[in-house]
There are 2 protein chains.
Amino acid sequence: MSEQQIAIGIDLGATHIKGILINEQGDILAQKTTPTEDGKEADGLNWKRSIRDMIEGFTKESKAEISHVGLAAPGIANESFTAISWMPGRVIGIESFDWSAWIGRKVDVINDAHAALIAEHSFGEAKGKQDVMLLTLGTGVGGGVLIRGELLRGFIQRGGHLGHISLDTEGEILGISNIPGSLEDAIGNSTVERRSFGRFRSTDQLVEAYRKGDHFASYLWLNSVRKLALGICSLSNAISSELVLLGGGITHAGPDLFQPLAAFMDVFEWRPGGANVEIKPAKFSSWTGAIGAAAFAMRKSAYVE
Amino acid sequence: MSEQQIAIGIDLGATHIKGILINEQGDILAQKTTPTEDGKEADGLNWKRSIRDMIEGFTKESKAEISHVGLAAPGIANESFTAISWMPGRVIGIESFDWSAWIGRKVDVINDAHAALIAEHSFGEAKGKQDVMLLTLGTGVGGGVLIRGELLRGFIQRGGHLGHISLDTEGEILGISNIPGSLEDAIGNSTVERRSFGRFRSTDQLVEAYRKGDHFASYLWLNSVRKLALGICSLSNAISSELVLLGGGITHAGPDLFQPLAAFMDVFEWRPGGANVEIKPAKFSSWTGAIGAAAFAMRKSAYVE
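Residues numbered from 1 in each chain as written. Chains lettered and ligands numbered in written order. Predicted model: local features only at pLDDT ≥ 70, side-chain atom pairs only at ≥ 80, totals over all residues. Heavy atoms only, no water.

**Describing the interface of chain B and chain A**
The criterion, for reference: Whether two residues touch is decided by their heavy atoms; if any such pair falls within 4.5 Å, the residues are in contact. Note on definitions: buried area is the accessible-area loss of two parts on being combined, 1.4 Å probe, summed for both. Whenever Lys or Arg places a side-chain nitrogen within 4 Å of a carboxyl oxygen from Asp or Glu, that contact is recorded as a salt bridge.
Of the residues lining the interface, 51 residues belong to chain B; the matching set on chain A comes to 51 residues. Carbon and sulfur atoms supply 57% of the area that chain B and chain A bury against each other, a total of about 4,300 Å² over both sides. Per-residue buried area on chain B facing chain A is highest for B:Phe155, B:Arg158 and B:Trp270; these three make up 18% of the total on that side. The shortest N-O distance in the salt bridge between A:Glu170 and B:Arg226 comes to 2.9 Å.

**What to know about the packing of aromatic side chains**
Condition: A pair of aromatic rings is counted whenever rings of Phe, Tyr or Trp (Trp by its six-membered ring) have centres within 6.5 Å, and the orientation is called stacked for planes under 30 degrees apart, edge-to-face for over 60 and tilted otherwise. In this description a helix means any DSSP run of H or I spanning at least four residues, a strand means any run of E spanning at least two, and both kinds are numbered starting from the N terminus. Relative accessibility decides the category of a residue: with a 1.4 Å probe and only protein chains considered, values under 20% of the type maximum give buried, values over 50% give exposed, and everything between is partly exposed.
Scanning all chains against the criterion turns up twelve aromatic pairs over all chains. Ring geometry for A:Trp47 versus A:Trp99: centroids 6.2 Å apart, planes at 25°, classification stacked. Of this pair, A:Trp47 sits in helix 1 (residues 45-61) while A:Trp99 sits in helix 2 (residues 99-103), and the two are 52 residues apart along the sequence. Among the residues examined, A:Trp99 registers a relative accessible area of 1% and is labelled buried. Ring centres 5.6 Å apart and planes at 70° place the aromatic pair A:Trp270 and B:Trp86 in the edge-to-face group. One end of the pair, A:Trp270, is in the loop between helix 8 (255-268) and strand 12 (278-281); the other, B:Trp86, is in strand 6 (residues 84-86), on a second chain.

**Things to note about the side chain of A:Asn237**
Its place among the elements puts A:Asn237 in helix 7 (residues 215-239). Setting aside anything within four residues of it in sequence, one finds A:Asn237 in contact with A:Trp270, B:Arg158, B:Gly159, B:Gly160, B:His161, B:His164, B:Ser177 and B:Ile179.

**Observations regarding helix 6 (residues 203-211) of chain A**
All names here are of chain A. Note the threshold: In this description, the arc belongs to the directions extending from the helix axis to the C-beta atoms.
Of all the positions in helix 6, only Thr203, Leu206, Val207, Ala209 and Tyr210 are classed as buried. Looking straight down helix 6, one finds its buried side chains confined to an arc of 160°; they lie on one side. As for helix 6, its buried residues are in contact with helix 4 (183-187), helix 5 (192-195), helix 7 and helix 8. Phi turns positive, to about 90°, at Gly213, one or two residues after helix 6.

**Concerning the sheet that holds strand 4 (residues 68-73) of chain B**
All names here are of chain B. This is how the line gets drawn: A pair of strands counts as paired when DSSP detects no fewer than two bridges linking them. The angle between two axes is taken between their N-to-C directions and runs from 0 to 180 degrees, where each axis is a line fitted to C-alpha atoms and a helix contributes only its stretch in contact.
Spatially, the five strands line up as an open sheet ordered 3-2-1-4-7, and their pairing is mixed. This sheet does not close on itself; its edge strands, each paired only once, are strand 3 (28-35) and strand 7 (108-111). Strand-to-strand twist in this sheet, taken as the mean axis angle between neighbours without regard to direction, amounts to 15°. Where strand 2 (residues 16-23) meets strand 3, seven bridges bridge the pair, whose relative direction is antiparallel. In the strand pairing of strand 3, Lys18 is matched with Thr33. On top of the sheet, helix 9 (residues 288-304) reaches strand 1 (6-12), strand 2, strand 4 and strand 7; it is set at about 135° to strand 1, its chief contact.

**Thoughts on the pairing of strand 12 (residues 278-281) of chain B**
As paired strands, strand 11 (residues 243-247) of chain B and strand 12 of chain B are joined by four bridges and run parallel to one another. Bridge pairing links B:Leu243 to B:Glu278 in strand 12 of chain B.

**Points about the sheet that holds strand 9 (residues 141-147) of chain B**
Residue and element names in this part refer to chain B. Within the open sheet, the five strands sit side by side as 10-9-8-11-12. Their pairing is mixed. Only two strands of the sheet have a single neighbouring strand rather than two, namely strand 10 (150-151) and strand 12. Strand direction decides the pairing type here: strand 8 (residues 132-137) and strand 11, joined by five bridges, are parallel. When the bridges of strand 11 are listed, Val132 appears paired with Leu243. On the sheet, helix 7 (residues 215-239) packs against strand 8, strand 9, strand 11 and strand 12 and is oriented at approximately 155° with respect to strand 8.

Below is the structure:
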């Protein structure tokens, strides 16, 4: 019998670093969090130290030996999953930074949305599924795709940037990806102020006004949900997942998101032979990156080899 | 040493049935073609007979023993690749038709655009590549995707319907897929008369007028190519292929397609670290379905198992 695996998962986020200790069943054994303070020190030395300290802390406090360490971060991971190879503008100092050397043991590094997908496949709503898409609806729209149980990586490991599809070729180019009228711009938090001509500062505010029956808010929110539906339909026709999971802060809208979304899917989804894709909220929310990073480190060979 | 493989590939098209005999190097040993005459007899008995006769003819005439038979057809193949499970409106009688029973030997059945992709990967422009997208630009826009050398099938085997992404959510719904403003409608032959308000009946005519400097034709064609570029960019961000092949009759426009396409890709493509996707014309044209069907039958385990 092989020994029980115990993994540390770290999620390097824009505002917080989250760390988790889990076993191979996904039971949470310990959790830690600390502010990222991105930009405080040159080359991110401060958050690099915080992550090292966090891993050292888990290692000391754990009763069992740590078998794996995973790190989730924004940006594109390299082919060998040892570093983030591309992440301009944020967490300066992460590009090509060798985490295994810094920590003094092997660290598997993965994009944070890919980690969220793996968290759901390992311990959440995608358990037992083979073809799954996850969209993270937050400041922007990120994503990840499992195809026959394997992580879609593709050329330069860019696969799964599901928010960066054009839904309006005459639209404006706002995000990182050079795409006019992207899905990310249609529903992401970063454009809600702009979309509402300054009336709403967050999706929470917009959805709150929608709940109260505000006409403008209703139009605006339903139009965003309609575009999300069309994004899912487009991606379904191209990639064809059996399950679409939605995660990220915008899903806290709950039925105010999922009910109109289902109605728009009824209008637009192409359903050969009557088959329709299942759409569900993700199980994990703010700890998903850390859980996924730990799961990825434990099960890497299943996902990418 | 294993014996040389010899495969028959049949392409059941809208107007013609094409048959080919190839070896495992892709050398063409024999070719046959006959009209489909879709709808002439109930349940397509006429084209079913034509295909049986064609296979019998190849078998009799071949010096070596036939090792494999493949059939490419429009529609969605079933999970075991023994039949087309879904194809409404055309080639009535094909849905769930058991080709192996009809022919009296094992026949591997595959979607025609998937076959075209496999033809390119086996013997054409995608040889040696792992992550490849093929778009067939014809009456409609079809496609196929290879991911790490395997055919993307997905839920209900729908994967690769690359023409059925929305590029204009306010657009009209014209095609089979219920998608407003689809890529298929933006460039496919079936909408050119509509897009040109009756001025051009085919993409050939449209491109001819563009070559002569006709202002309206220039706008119309360049707008279609712009939308194709944005479709490729969108799909690249989601799927991230290393190579995009374009096939189908519209690619006969040659540099009048590929030069403006490259210019639009320069404007819109997201190129992390400077990396850009390669776009090339497919090697095979009208025989691609037959070649791909034969290649699929010979190499099925590499593509789908």
